[in-house]
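Residue-level structural notes
Below, each chain spelled out in residue letters.
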Amino acid sequence: MADRVRELEKEIDELQRQLRQQNQNAENERQRMLNESMRAIEHYQQDMKRAVREHDENAKKEYERLLKEYQRNIDRDVQNEIADMNGNYRKLLDDVRRSEQELERKNRELEAAVQSVRNDMSVRNEGSSREAKEYLLKATGEFHEIEKKPHEKFMPKRLNIFYNAIKDGQMLYKAGLFEAATAVAISAKAGLERLGYNIDDKVIEWDRQYELFKMKLNYFSAQLRQELDDWETFIGEKSKDDSEMRKKHLVEINYWSKGEFARLVQSMNKYRKIAAEIQKTGKDEYLKKPESANTDELKEYIRDISELNERLSVFSNLYKLRYSTSCQRADWGEDIIDFLSDEINLQWHEEMTGYRQASEETLSSKDFRDYVKITFNDETVTEDTREWLKLVFENSSGNMIYIYLVPVEAKNNVENRIIIHIDYGGAEQEMYSRDIYQHVCEAVKCDSENSGIVNYASDINALKMNTNRSFSDTARDLENMKKKS
């Protein structure tokens, strides 16, 4: 039986050598395909900053497509899919699987043979002390090699098993049970070699995910940085080297995006911190840290960055629309006040006019507080310029006229609508209501028949039931205004 252990050792050594070569061949073929993707990515990486800066959507889409293709190719769960497209790779994988199955069978046979040697009383005192010591040293040397690898990251607690096996072999050696010590050492060495190969494979997989993580993060960072330049171009005010103006513009972006920009930047900084730590520590040392990101966590980071990039592409246009429609409400407000005051002699109630009061939640939000401080230099401001603008007038008969300039968001678009309500305190005067409607349309220069921009609301309850929340909220404010008047 002791001779059988040595035969199995040789067979397993040869199988492991063969399997390693087959794995390497398959890996080379897979790497060849990955290299093709990577070369295309590297070509576009050189052009990526230009594409982001110039908003070359075709180039950006192609770069994103190549990143997705590379991501799909490095995920192990698509190996079979790749094999279906590549006959040579499929054959290599089949060779690997057959060798793995044979190695697994031989390992089970070795374990059984080792146990038999330990249990067989007839060989307990046989064997060479020198041979047993040599095998134990080989197993110990292999153990120390594995210690240098990130074994706890990829194969947690597995090394402890072999530590105990080597300790067991040393105890058998000290007891003079050399044959049993040799068998245990042979088994431990074979297992440690398998463990080392498995760790190496997992490190390669981690490396690929890490490279993709960096590429995705750099692309997202470039998009965020470009957002500031785009905003400055949009508002026609370049900060250049003026750090205070740059800060002001970042606050503006965050305000009009309702804090979304800051959340994206915060996420980016979190991932940049991880990337910086890996860069500073070095991948080998980083992976030995218990808190370091494993492969699945890197994949999660990559998915998250992709989602963040999609969110940026959505709100990039949306927050600019919020700003431009707010500017339009301010312009319309001035035009309506001038027209109704000068042309038809309505009394404008300035003290009742203004933007919607911010909610308690909004008042406490950093994006709102930073904006009112840097824009108005007055932290007591409570009006939210992203919301409706209310104008209040009174005619010679004492009827109150309420005009709301309301932003309506739908499908990543923002458009202004105007709601008019006249508090007659009695029966509706349809002719007068129609005249006020026409005057407002004339003031903002819109088609009174077909635009849908100006809306007359005679029934507050009907307005309250409107499915558009922006409209229904104005109904509640109207109720409060009428109670006060």
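In this convention, every chain numbers its residues from 1, walking through the sequence in written order. Given that the model is predicted, a residue must reach a pLDDT of at least 70 before its local features are reported, and side-chain atom pairs must reach 80 or more before they are shown or counted; all residues, however, enter totals for whole chains, interfaces and linings. With hydrogens and water stripped out, all remaining heavy atoms of the structure feed into the side-chain values.

Attention shifts here to the environment of Ile-374. In this fold, Ile-374 is placed in helix H14 (residues 366–376). A contact between two residues is defined here by any heavy atoms of the two lying within 4.5 Å. With near-sequence residues (within four places) excluded, Ile-374 lies in contact with Lys-247, Lys-248 and Val-251. Going along the chain from the N terminus, every DSSP run of H or I of four or more residues is numbered as a helix, and every run of E of two or more is numbered as a strand.

Moving on: helix H2 (residues 57–74). Helix span is expected to be 1.5 Å times the residue number reduced by one. Counted at 1.5 Å a residue, the expected span for H2 with its 18 residues is 26 Å, and the 26 Å between its end C-alpha atoms agrees. Three or more residues of H2 are buried, namely Ala-59, Lys-60, Tyr-63, Leu-66, Leu-67, Tyr-70, Gln-71, Asn-73 and Ile-74. The buried residues of H2 occupy an angular sector of 165° when projected down its axis, which confines them to one face. Those residues of H2 that are exposed and angled more than 90 degrees off the buried face are Asn-58, Lys-61 and Lys-68. Categorising residues by exposure relies on relative accessible area from a 1.4 Å probe, with only protein chains included: less than 20% of the type maximum marks a residue as buried, more than 50% marks it as exposed, and the intermediate range marks it as partly exposed. Think of it as the arc spanned by the lines of direction from the helix axis to the C-beta atoms.

Another point: the pairing of strand E5 (residues 413–423). Counted residue by residue, E5 has 8 buried out of 11 residues, so it is predominantly covered. At least two DSSP bridges between two strands are required for those strands to pair. Judged from the 11 bridges that link them, strand E4 (residues 400–410) and E5 form a sheet pairing that is antiparallel. Within E5, the position partnered with Tyr-404 by the bridge is Ile-419. Between E4 and E5, which follow one another and run antiparallel, lie 2 residues, and Lys-411 among them has a positive phi close to 50°. Of the strand pairs in this sheet, E5 and strand E6 (residues 454–456) are connected by 3 bridges, and their pairing is parallel. The residue bridging Ile-419 from the neighbouring strand is Asn-455, located in E6.

Turning next to the pairing of E4. Every regular strand shows the same layout, with side chains that alternate between the two sheet faces. In terms of burial, E4 is largely enclosed, as 9 of its 11 residues are buried. Where strand E3 (residues 389–394) hands over to E4, the hairpin turn is made up of 5 residues, of which Gly-398 adopts a positive phi near 85°.

Let us look at the pattern of salt bridges. Side chains that differ in charge, positive against negative, can pair when their charged atoms come close. A pairing counts as a salt bridge when a side-chain nitrogen of Lys or Arg comes within 4 Å of a carboxyl oxygen of Asp or Glu. Scanning all chains against the criterion turns up 33 salt bridges. Between Lys-60 and Glu-57 there is a salt bridge; the shortest N-O distance is 3.4 Å. Of the two residues, Lys-60 and Glu-57 are both situated in helix H2; the distance of 3 residues between them amounts to about one turn of the helix. On the basis of relative accessibility, which here comes to 9%, the residue Lys-60 falls in the buried class. The shortest N-O distance in the salt bridge between Glu-145 and Lys-148 comes to 3.3 Å.

Patch membership requires more than 30% relative accessible area and the absence of a salt bridge. Residues of like charge join within 9 Å; the nonpolar side chains Val, Leu, Ile, Met, Phe, Trp and Tyr join within 5 Å. With residues, only the protein chains shown are counted as cover, and all accessible areas are computed by Shrake-Rupley using a 1.4 Å probe. We treat Lys and Arg as the positive residues and Asp and Glu as the negative residues; His and chain ends play no part in the count. Note on charges: their place is set at NZ of Lys, CZ of Arg, CG of Asp or CD of Glu. A contiguous patch of negative charge on the surface is contributed by Asp-331, Glu-334, Asp-335, Asp-338, Asp-342, Glu-343 and Glu-442. Here the negative patch takes 5 residues from helix H12 (residues 295–342), the largest share from any one element. Among the structural elements, Asp-335 can be located in helix H12. On the accessibility criterion, Asp-335 (33% relative accessible area) is partly exposed.

The next subject is unusual backbone geometry. For Asn-345, which is not glycine, the phi dihedral falls at a positive 60°. Phi is positive for Asn-377, close to 55°, though the residue is something other than glycine. Inspection of the secondary structure puts Asn-377 in the loop between H14 and E3. In this structure Asn-377 comes out as exposed when scored by relative accessible area, which is 71%.

For the rest of this paragraph, the subject is H14. Structural remark: α-helix, 3.6 residues per turn; residues separated by three or four positions point the same way. For H14, the set of buried residues is Asp-367, Phe-368, Tyr-371 and Val-372. Angularly, the buried residues of H14 cover 120° about the axis, an arc narrow enough to put them on a single face. Tucked into the core, H14 has its buried residues touching helix H9 (243–256) and helix H13 (360–364). At the C-terminal side of H14, Asn-377 shows a positive phi close to 55°.

Now for the nonpolar core. Counting 62 residues, the largest nonpolar core has Ile-41, Tyr-70, Trp-206, Phe-213, Met-215, Phe-220 and Tyr-271 as its most contacted members. A per-element tally of this core places helix H8 (residues 178–235) first, with 17 residues. Apart from the residues lying within four places of it in its own chain, the contact partners of Phe-220 are Leu-264, Met-268, Ile-305, Leu-308, Asn-309 and Leu-312. Core analysis: the second largest hydrophobic core is formed by 26 residues, Leu-391, Ile-418, Tyr-424 and Tyr-437 among them. By nonpolar core is meant a set of buried Ala, Val, Leu, Ile, Met, Phe, Trp, Tyr and Cys residues that side-chain atoms within 4.5 Å join together.

Moving on to the side chain of Asp-304. Position of Asp-304 relative to the elements: it lies in helix H12. A distance of 2.4 Å separates polar atoms of two side chains, one belonging to Asp-304 and the other to Tyr-271. Those residues in contact with Asp-304 that lie beyond four places of it in its chain are Lys-270 and Tyr-271. We define a polar contact as two N or O atoms separated by no more than 3.5 Å, with the added condition that, inside protein, one atom must be a possible hydrogen donor and the other a possible acceptor, whereas residues neighbouring each other in sequence contribute only through side-chain atom pairs.

The subject of this paragraph is the packing of aromatic side chains. The rule is short: rings of Phe, Tyr and Trp, with Trp giving its six-membered ring, pair when the centres are within 6.5 Å, and they are stacked under 30 degrees, edge-to-face over 60, tilted in between. Taken as a whole, this structure holds 23 aromatic pairs when the rule is applied. Between Trp-231 and Tyr-323 the ring centres are 5.1 Å apart and the planes differ by 75°, which places this aromatic pair in the edge-to-face class. Residue Trp-231 is found in helix H8, and its partner Tyr-323 is found in helix H12; the two are separated by 92 residues along the sequence. We classify Trp-231 as buried; its relative accessible area is 1%. Taken together, the aromatic side chains of Trp-231, Phe-234, Tyr-255, Trp-256, Phe-261, Phe-315, Tyr-319, Tyr-323, Phe-368, Tyr-371 and Phe-376 make up a single cluster linked through ring pairs. The ring of Tyr-135 has Lys-138 lying over it, and the distance from NZ or CZ to the ring centre is 5.3 Å. Lysine NZ or arginine CZ positioned within 6 Å of the ring centre and within 35 degrees of the ring normal marks a charge as sitting over the ring.

Mapped onto the elements of the fold, Met-48 is located in helix H1 (residues 2–54). Overall, the relative accessible area of 8% leaves Met-48 in the buried class. As a C-alpha pair, Met-48 and Gln-223 span 175 residues in sequence and 9.9 Å in three-dimensional space.

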